[in-house]
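Structural characterization, general
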Amino acid sequence: MNKRIYMSSPDVGELEERYVLAAMRSGWIAPLGPDVDAFEAEMAARVGVTHAVALSSGTAALHLGLLGLGVGPGDIVVTPTMTFAATANAIVYTGAEPYFIDCELVTGNMDPVLLREALEQLYRAGEKVAAIVPVDLLGKAVNYTAICAIADGYGIPVLADAAESLGATHHGQAAGSFGRASILSFNGNKIMTTSGGGMLLTDDADLATHTRYLATQARQPVKHYEHTDIGYNYRLSNLLAALGRAQLTRLDGMIARRRAMRETYRDLFAAVPGVEIFGGENDENDNFWLTSIVVDSAVSGWTADELSAHLLLGNIESRPLWKPMHLQPAFAGARARLNGNAERLFRRGLTLPSGSALSTTQIDQVVGRISTFGSRVS
Ligand SMILES: *Cc1c(COP(=O)(O)O)cnc(C)c1O
């Protein structure tokens, strides 16, 4: 049997080896060093922001971004229910309450109409919404034009969770450059990886300085260890930043490979009734991080789950779309404004192998396995 084929494995090779080895030989093994500075500068230039702070994870970046916006106990932070738990967890770390908004059916991104309704209701009730955290689901930028206009109308800052969307754009502007600040993730399964890491991006110099300060144990600039705030150990190591620099030089190539994978699935499922490629036809501004299908079993005659089981027997990984936060036991009782779309996508969606490290042989194996699902897909 073939080696297990994963949905999105790290895509690293000789270039990454060279960068990490050079960093190690330079003697900068500490969390901080010239590769961290260079990685921040290169990413800021790529995304088009003035400040970047490299951190130990995307979750850490969300946590410090929220703290930097002054979010704390008693506040409400509005965020989509259709996301990875890290977005909602970071809100809870600050002591604030997450308030979940359902999504558009086609993109899976936070629905601006529901957002406006929720903000209006909270505003009338005299409740304080301290931040809005939109999420660019699976590499498609949210409608920032609509969402930032609504946020501005209420004077609420936006912290954009661009963990999945590095390389995507909205009206020609890069994901990661919207709102007061944005965050990226370089976790092992993301479009580019530092093995584990994240970044806060912003044009706000004070926010960047404050984030650096909190990420390095909130040390005061004196000779002894002096602390007036509670700090965190959230900086990215210099070795991992070197890995990130190598990956960033290859980002466009990795996006192109993932895009080709999307096209392969589009062709494969084009004539299959009841199956759509998640995200809609209009994907030229996406980064193609992951490709999922949405299966209407009443039309197809089979479920996403059945295809997933068939793939697993061929040693191929696949997974449902994110389970919405309002359905998670950890967030039972959280308030939400729902339209049923996130739950519908969760029940019908299946994410397929999408990584840029997939070899031609592996792609053939995936396509072959899907084709043997029967006359259902041919
Ligand atoms: C991956 C991810 C995160 C968390 O990033 P880590 O680097 O794994 O901490 C946050 N939000 C979303 C939407 C993600 O997909």
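Calculation rules
- Throughout this description, residue numbers start from 1 for each chain and increase along the sequence as written.
- Since the coordinates come from a predicted model, pLDDT governs what is reported: local features require at least 70, and pairs of side-chain atoms require 80 or more to be given and counted, while whole-chain, interface and lining totals use all residues.
- The side-chain numbers reported here are obtained from all heavy atoms of the structure, hydrogens and water having been left aside.
- UniProt positions are given in the numbering used here, feature names are shortened, and annotations may be inferred rather than shown by experiment.
- One heavy atom within 4 Å of a molecule or strand makes the whole residue count as near it.
- Distance and chemistry together define a polar contact, namely a pair of N or O atoms within 3.5 Å, with one atom able to donate a hydrogen and the other to accept it when in protein, and with adjacent residues in sequence counting only for side-chain atoms on both sides.
- Residue exposure ignores everything except the shown protein chains as possible cover, and the areas themselves are Shrake-Rupley values with a 1.4 Å probe.
- Per the convention used, a helix needs a DSSP run of H or I reaching at least four residues, while a strand needs a run of E reaching at least two, with both numbered from the N terminus.
- Each helix should span, by expectation, one fewer than its residue count multiplied by 1.5 Å.
- Here's how the labels work: a residue is buried when its accessible area is under 20% of the maximum for its type, exposed when over 50%, partly exposed in between, all with a 1.4 Å probe on protein chains only.
- Any two residues having at least one pair of non-hydrogen atoms within 4.5 Å are treated as being in contact.
- Nonpolar cores were defined as sets of buried Ala, Val, Leu, Ile, Met, Phe, Trp, Tyr and Cys residues, with membership established by side-chain atoms within 4.5 Å.
- All domain edges in this entry derive from an automatic or database-based domain assignment.
- Here the axes come from fitting lines to C-alpha atoms, over the contacting stretch only for helices, and the angles between their N-to-C directions go from 0 to 180 degrees.
- Note on angle classes: values under 35 degrees are labelled roughly parallel, values over 145 roughly antiparallel, values of 65 to 115 roughly perpendicular, and the remainder oblique.
- In this scheme, a crossing is called left-handed if the near helix is turned counterclockwise away from the far one by less than a right angle; it is called right-handed if the turn is clockwise.
- Here the term charged refers only to Asp, Glu, Lys and Arg, the term nonpolar to Ala, Val, Leu, Ile, Met, Phe, Trp, Tyr, Cys and Pro, and the term polar to all other amino acids, Gly among them.
- Should DSSP find at least two bridges between two strands, the strands are taken to pair.

The name that an unreviewed UniProt entry assigns to the protein chain is Aminotransferase class I/II-fold pyridoxal phosphate-dependent enzyme, with the source organism given as Cryobacterium glaciale. Under the UniProt heading Sequence similarities (unreviewed entry), the note attached to the protein chain is "Belongs to the DegT/DnrJ/EryC1 family." Checking UniProt for the protein chain, the heading Cofactor (unreviewed entry) contains the comment "pyridoxal 5'-phosphate".

A word on the site of the ligand. The environment of the ligand is formed by 16 residues, the closest being Gly58, Thr59, Glu164, Ser185 and Lys190. Here an oxygen atom of the ligand and a side-chain polar atom of Glu164 are 2.6 Å apart. The separation between an oxygen atom of the ligand and a polar side-chain atom of Lys190 is 3.2 Å. Compared with its free state, where it exposes 380 Å², the ligand has 93% of that area covered by protein.

Counting along an α-helix, one turn takes 3.6 residues, and residues three or four places apart therefore face a common direction. Here helix H8 (residues 238-249) spans 17 Å end to end across 12 residues, near enough to the 16 Å set by a 1.5 Å rise per residue. Burial runs high along H8: nine of the 12 residues are buried. Elements in contact with the buried residues of H8: helix H1 (14-25), helix H2 (34-47) and helix H9 (251-269). Between the side-chain oxygen of the N-cap and the backbone nitrogen of Leu239 there are 3.2 Å, and the N-cap of H8 in question is Ser237.

Counting 35 residues, the largest nonpolar core has Met43, Leu166, Met192 and Met199 as the members making the most contacts within it. Going through the elements one at a time, H2, strand S1 (51-55), strand S9 (198-202), H8, H9 and helix H12 (341-348) are the ones with two or more residues in this core. Per-element tally for this core: the top contributor is H2, with five residues. In terms of domain composition, this core takes at least three residues from each of domain 1 (14-249) and domain 2 (251-371). Every residue in contact with Leu166, bar those within four places of it in the chain, is listed here: Met43, Val47, Leu184, Phe186, Ile191, Met192, Leu251, Ile255 and Asn287. Core analysis: the second largest hydrophobic core is formed by 28 residues, Val53, Val133, Ala163 and Leu214 among them.

To continue, consider the environment of Phe346. Looking at the element boundaries, Phe346 is found in helix H12. Phe346 sits 264 residues away from Met82 along the chain, and the two C-alpha atoms are 8.7 Å apart. If we ignore the near neighbours within four places in the chain, the residues touching Phe346 are Met82, Pro320, Leu321, Trp322, Lys323 and Pro324.

Here the focus is the packing of helix H3 (residues 58-68) against helix H4 (residues 85-93). Where H3 meets H4, the closest approach of the two axes is 9 Å, and the angle between their N-to-C directions is 40°. Between H3 and H4, the interaxial angle falls into the category oblique. Crossing handedness for the pair H3 and H4: right-handed. Across the interface between the two elements, Thr59, Leu62, His63 and Leu66 of H3 pack against Ala86, Thr87, Ala90, Ile91 and Tyr93 of H4. Class assignment for the residues of the contact of H3 with H4 results in six nonpolar, three polar and no charged.

Turning next to the sheet that holds S1. With mixed pairing, the four strands of this open sheet are ordered in space as S1-S9-S8-S5. With one partner strand each, in any of the chains shown, S1 and strand S5 (159-161) form the two edges of the open sheet. Direction aside, the axes of adjacent strands within the sheet are offset by 20° on average. Judged from the three bridges that link them, S5 and strand S8 (residues 181-185) form a sheet pairing that is parallel. Residue Leu159 lies in a different strand from S8, and its bridge partner there is Ala181.

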